Amino acid sequence: MSLLSASLLGIDFANPLLNASGVWCRDKAELDALNASAAGSFITKSCTLVPRAGNPEPRYYATPLGSINSMGLPNEGYPYYLDYARHHDYRAKPLFMSVAGLSLADNLAMLAAIRAADLPAIVELNLSCPNVPGKPQIAYDFAAMTEMLEAVSLEYARPFGVKMPPYFDIAHFDEAAAILNRFPHVTFVTCINSIGNALIIDPETESVVIKPKEGFGGIGGDYVLPTALANVNAFYRRCPGKQIIGCGGVSTGEHVFMHLLAGASLVQVGSALYEEGPAIFARLNAELSALLERKGYASIESVRGKLRTL
Ligand SMILES: Cc1cc2nc3c(=O)[nH]c(=O)nc-3n(C[C@H](O)[C@H](O)[C@H](O)COP(=O)(O)O)c2cc1C
């Protein structure tokens with residue numbers, strides 16, 4: 001066991017880092033680059049039943065404080081990622097598959113195929129997905145979320161994780177966690193997806209910066225770190241039987257350390273990976289190692305959830 005060794009669902013990871021779904025993981029070339037990087041594991045782009053081109057460009061824009069995007073789930077369709085997962089060497093590093101069906105029926109069809117393939121790939125079900133037009137996304141519609149988890153637990157019947165959007169109200173933390181706790185197959189919770197429907201304005205051009213949705217999009221990066229830490233910690237405290245994957249606002253080893261303190265077992269990197277490329281994982285591991293050594297920690301396990309309150 002080394003300083004950065006991590007563990008999720010009883011699986012060993014060389015370190016806690018991986019990409020956030022949607023960043024550097026759309027095709028084989030990008031996925032191979034993550035496999036070759038210093039990340040401890042990696043995850044595929046959220047897939048749908050059939051391939052999608054996504055929204056018109058520009059659909060991603062970075063600022064010094066983070067990013068905004070409205071990608072529209074561009075992906076190659078689930079068979080492409082399932083094929084990648086079939087050929088992956090799991091002794092090299094663990095692989096996650098992100099699934100984001102546009103309906104309950106789509107999710108059940110994809111998960112039936114993934115289950116039939118009987119691979120060691122770990123499913124992260126993206127609950128931050130469009131639902132019926134005019135209704136909130138699944139994870140902001142607790143009745144729809146319950147129905148989804150009931151059906152998926154029956155169909156998939158293996159351990160899986162859920163990717164959650166951020167919540168901003170204690171009553172919502174309580175209710176979402178209580179729902180997740182009813183489903184023993186939900187063994188990990190990834191917090192957070194982008195903070196939805198933000199607006200970045202360029203004062204020079206007096207314009208929005210991305211084309212879809214009149215410029216509205218999800219934000220990541222420095223903008224979201226405190227919200228991400230709050231969500232990681234809120235679910236860590238409320239879901240003692242589950243593990244947490246932290247995601248949001250990570251661009252330094254210190255940010256990874258904060259996610260671990262808040263309760264994360266693994267930590268994903270989105271916007272910063274988009275900007276810096278897969279070499280970021282070696283830098284983050286080096287920064288995290290130096291920080292742990294300076295503070296006298298012998299393992300990341302001894303940091304996890306050790307956040308102090310006043
Ligand atoms: C370009 C881009 C595409 C994304 N696509 C997905 C996706 O397909 N599935 C998903 O669960 N999250 C997606 N996200 C959200 C990220 O996985 C992550 O939750 C969010 O960006 C916060 O992390 P960050 O602050 O490190 O960027 C995407 C983010 C970006 C920037």
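Residues numbered from 1 in each chain as written. Predicted model: local features only at pLDDT ≥ 70, side-chain atom pairs only at ≥ 80, totals over all residues.

## Quick notes on the sheet that holds strand β6 (residues 66-69)
Right, on to step 1. With antiparallel pairing, four strands are arranged side by side in an open sheet as β5-β6-β14-β11. Two strands close off the open sheet at either side, each with one partner strand: β5 (60-63) and β11 (195-199). Averaged over neighbouring strand pairs, the angle between their axes works out to 40° when direction is ignored.
Right, on to step 2. One ladder, built from three bridges, connects β11 with strand β14 (residues 216-220); its direction is antiparallel. What sits directly across from leucine 199, in β14, is phenylalanine 216. (Pairing = 2+ DSSP bridges. Helix = DSSP H or I, 4+ residues; strand = E, 2+ residues; numbered from the N terminus. Axes fitted to C-alpha atoms, helices over the stretch in contact; angles between N-to-C directions.)

## Topic: the site of the ligand
Right, on to step 1. Near the ligand, the surroundings consist of 28 residues, among which Ala20, Gly22, Gly220, Gly270 and Ser271 are the closest.
Right, on to step 2. Counting only elements with at least two residues in the shell around the ligand, the list comes to β6 and α8 (271-276).
Right, on to step 3. Among the elements that line the shell around the ligand, the one with the most residues is α8, at three residues.
Right, on to step 4. When grouped by side-chain class, the residues that make up the shell around the ligand number 11 nonpolar, 15 polar and two charged. (Near = placed C-beta within 6 Å. Nonpolar A, V, L, I, M, F, W, Y, C, P; charged D, E, K, R; others polar.)

## What to know about the pairing of β14
Remember that side chains alternate between the two faces of the sheet whenever the strand is regular.
Right, on to step 1. Judged by how many residues are buried, β14 sits mostly within the fold: four of five residues are covered.
Right, on to step 2. Where β6 and β14 come together, three bridges link them in antiparallel fashion. When the bridges of β14 are listed, asparagine 69 appears paired with glycine 218. (Buried ≥ 20, exposed ≤ 12 C-beta atoms within 10 Å, placed from the backbone.)

## Observations regarding the packing of helix α6 (residues 225-238) against helix α7 (residues 253-262)
To characterise two packed helices, one gives the angle between the axes of the helices and the distance between these axes.
Right, on to step 1. The contact between α6 and α7 brings their axes to 8 Å, and the two run at 25°. Relative to α7, the element α6 lies roughly parallel. Contacts from Leu225, Leu229, Val232, Asn233 and Tyr236 of α6 reach α7 at His255, Met258, His259 and Ala262.
Right, on to step 2. Residues belonging to the contact of α6 with α7 are distributed by class as follows: six nonpolar, three polar and no charged. (Parallel < 35°, antiparallel > 145°, perpendicular 65-115°, else oblique. Contact = placed C-beta atoms within 7 Å.)

## Concerning unusual backbone geometry
Phi is mostly negative for residues that are not glycine, and the peptide bonds are mostly trans.
Right, on to step 1. At the junction of glutamate 57 and proline 58, the peptide bond is cis and its omega measures out at 0° in the coordinates.
Right, on to step 2. By secondary structure assignment, the location of proline 58 is in the loop between β4 (42-43) and β5.
Right, on to step 3. The amide bond that connects cysteine 191 to the next residue, isoleucine 192, takes the cis arrangement and shows omega of 10°.
Right, on to step 4. Relative to the helices and strands, isoleucine 192 resides in the loop between β10 (186-191) and β11.
Right, on to step 5. Although it is not a glycine, leucine 9 adopts a positive phi angle of roughly 50°.

## Topic: helix α2 (residues 78-87)
Right, on to step 1. Taken together, the buried positions of α2 are Tyr78, Tyr81, Tyr84 and Ala85. Viewed end-on, α2 has its buried residues packed into an arc of 125°, placing them on one side of the element. Structural note: α2 exposes Arg86 and His87 on the side pointing more than 90 degrees away from its buried face.
Right, on to step 2. Residues of α2 that are buried sit in contact with α1 (28-36), β7 (95-99) and α3 (104-117). (Arc of directions from axis to C-beta.)

## Some words on the nonpolar core
Right, on to step 1. Residues Val123, Leu127, Val189, Cys191, Val232 and Ile244 are the most contacted members of the largest nonpolar core, which totals 88 residues.
Right, on to step 2. Ranked by residue count, the leading element in this core is α6, at six residues.
Right, on to step 3. Contact partners of leucine 127, with chain neighbours within four places excluded, come to Ile138, Ala139, Met145, Met148, Val162, Lys163 and Met164. (Core = buried A, V, L, I, M, F, W, Y, C linked by C-beta atoms within 7 Å.)

## What to know about the sheet that holds strand β16 (residues 264-269)
Right, on to step 1. Strand order in the open sheet made by the eight strands is β3-β16-β15-β10-β9-β8-β7-β4, with parallel pairing throughout. Only two strands of the sheet have a single neighbouring strand rather than two, namely β3 (17-19) and β4.
Right, on to step 2. Pairing between strand β9 (residues 160-164) and β10: five bridges, direction parallel. Looking across to β10, one finds that phenylalanine 160 is bridged to valine 186.
Right, on to step 3. Its contacts with the sheet put α3 on β7 and β8 (122-126), and the angle it makes with β7 is roughly 155°.

## Some words on the pairing of β7
Right, on to step 1. Judged by how many residues are buried, β7 sits mostly within the fold: five of five residues are covered.
Right, on to step 2. Here β4 runs beside β7; their pairing, made up of two bridges, is parallel. Across the sheet, phenylalanine 42 pairs through a bridge with leucine 95, a residue of β7.
Right, on to step 3. Where β7 and β8 come together, four bridges link them in parallel fashion. Residue pairing across strands places valine 99 opposite leucine 125, the latter belonging to β8.
Right, on to step 4. Chirality of the crossover, the property in question, places the unit of β7, α3 and β8 among those that are right-handed. (Right-handed = clockwise from strand over helix to strand, strands pointing away.)

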